[in-house]
Amino acid sequence: MALLFLHAPITAQARGREKPEVKAYALIIGTVWDPEGHPLYGIKVKIRRSDEKKARWELFSNHTGEFAQRVPVGKADYIIWADVKGYKLASGKHLKPGSEVTVHIENDERADTGLHLDW
């Protein structure tokens, strides 16, 4: 008589370890544009809540000029701007930051925006 043993994978729950619950978040996504409408790589983007003075998040635009930042769920306004200090274009032209952008978040949503820089 042959005994068959079935191999069943042990799940995390069976071992007493459950995966931590994923915390909800909102997402701010944007693109940094030069004055001629081309996306810009490597621009430092800063984000703060409208009721704060200092940037809470700093990130850089990717090769397609895009950036993304998770922010807490809940009603809040966020101010977004580009920091072009020390940024050099191959053409030798100098960039200026352009206007700050305000993004409003209500809940766990995605907000899309753009930062348009000046010469």
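### A closer look at the environment of Glu-52
In this fold, Glu-52 is placed in the loop between strand 2 (44-49) and strand 3 (57-60). Taking the C-alpha atoms as reference, Glu-52 lies 9.4 Å from Ile-79; in sequence the two are 27 residues apart.

### Section: the environment of Glu-58
Structurally, Glu-58 can be placed in strand 3. Residue class for Glu-58 comes out partly exposed when judged on its relative accessible area of 49%. Separated by 11 residues in the primary sequence, Glu-58 and Ile-47 have C-alpha atoms spaced 6.5 Å apart. Apart from residues lying up to four places away in sequence, Glu-58 is in contact with Lys-44, Val-45 and Lys-46.

Conventions used here
Residues numbered from 1 in each chain as written. Predicted model: local features only at pLDDT ≥ 70, side-chain atom pairs only at ≥ 80, totals over all residues. Heavy atoms only, no water. Helix = DSSP H or I, 4+ residues; strand = E, 2+ residues; numbered from the N terminus. Buried < 20%, exposed > 50% of the residue type's maximum accessible area, 1.4 Å probe, protein only. Contact = heavy atoms within 4.5 Å.

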